[in-house]
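Observations on the model geometry
Listed below are the residues making up each chain.
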Amino acid sequence: MARDGNFGATSGVTEWLLQSRTGEVHLLPALPPQFPDGRVAGLLARGGLTVDIAWSGGALSNARLAALQSGTVRLRTAAPVAVHSTSSAPPDVTRPEEAVAVFETEAGEEYVITPL
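Residues numbered from 1 in each chain as written. Predicted model: local features only at pLDDT ≥ 70, side-chain atom pairs only at ≥ 80, totals over all residues. Heavy atoms only, no water.

**Regarding the environment of Ala63**
Keep this limit in mind: Strands here are runs of E lasting at least two residues and helices are runs of H or I lasting at least four, both read from the DSSP assignment and numbered beginning at the N terminus. Contact between two residues is taken to exist if any of their heavy atoms lie within 4.5 Å; hydrogens are not considered.
Relative to the helices and strands, Ala63 is located in strand E5 (residues 59-67). A C-alpha to C-alpha distance of 9.6 Å links Ala63 and Val83, two positions 20 residues apart in sequence. In this structure, Ala63 is in contact with Leu27, Asp52, Ile53, Tyr111, Val112 and Ile113, ignoring residues within four places of it in sequence.

Here it is in structure tokens:
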């Protein structure tokens, strides 16, 4: 039974850093003030994305999204971000809200997210 508790704690910490249950990928939705600086790699978000996140001073420094499949990503952050592809032209980004970026991904492509 102790193993279940360990997995629950890990899941809870992951939810501080990444949420993807509401049809969007939300980076650092509940970062506690006790973790002002850090990074995490290899989180899996719904929609076939592997996510790496770095933050400093409690704010997003950068993130990398690796698309395992093609699709539309709705990305929510605390502040507006730029989206760049690592091997092709930047994707077209729409902004239905100030801190939301919506763009198309291609399988096998990586996208770098940086604050504006």
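Alright, that's what it looks like, and here's the rest.
**Observations regarding the environment of Thr86**
If you trace the backbone, Thr86 turns up in the loop between strand E7 (81-85) and strand E8 (94-97). C-alpha separation for the pair Thr86 and Val112, spaced 26 residues apart in sequence, amounts to 6.9 Å. Once you skip the residues sitting within four places of it in the chain, Thr86 turns out to touch Glu109, Glu110 and Val112.

**Here we look at the pairing of E7**
What counts is decided by this rule: Three exposure classes are used, based on accessible area relative to the maximum for each residue type with a 1.4 Å probe and protein chains only: buried under 20%, partly exposed in between, and exposed over 50%. When DSSP finds two or more bridges between two strands, those strands count as paired.
Counting buried residues along E7, four of its five residues qualify, which places the element largely inside the surrounding structure. Across five bridges, E7 lies against strand E10 (residues 110-115) in antiparallel orientation. Counted as the bridge partner of Val81 is Pro115 from E10.

**Points about the pattern of salt bridges**
This is how it is decided: Counted as salt bridges are all cases of a side-chain nitrogen of Lys or Arg within 4 Å of a carboxyl oxygen of Asp or Glu.
Enumeration over the complete set of coordinates arrives at seven salt bridges. Between Arg64 and Asp52 there is a salt bridge whose closest N-O contact spans 2.7 Å. Taken together, the residues span a long stretch of sequence, with Arg64 in strand E5 and Asp52 in strand E4 (residues 49-56) at a distance of 12 residues. Among the residues examined, Asp52 registers a relative accessible area of 19% and is labelled buried. By sharing partners, the salt bridges in this structure join Glu24, Arg74, Arg76 and Glu97 into a single network.

Any link to function would need more than the numbers given here.
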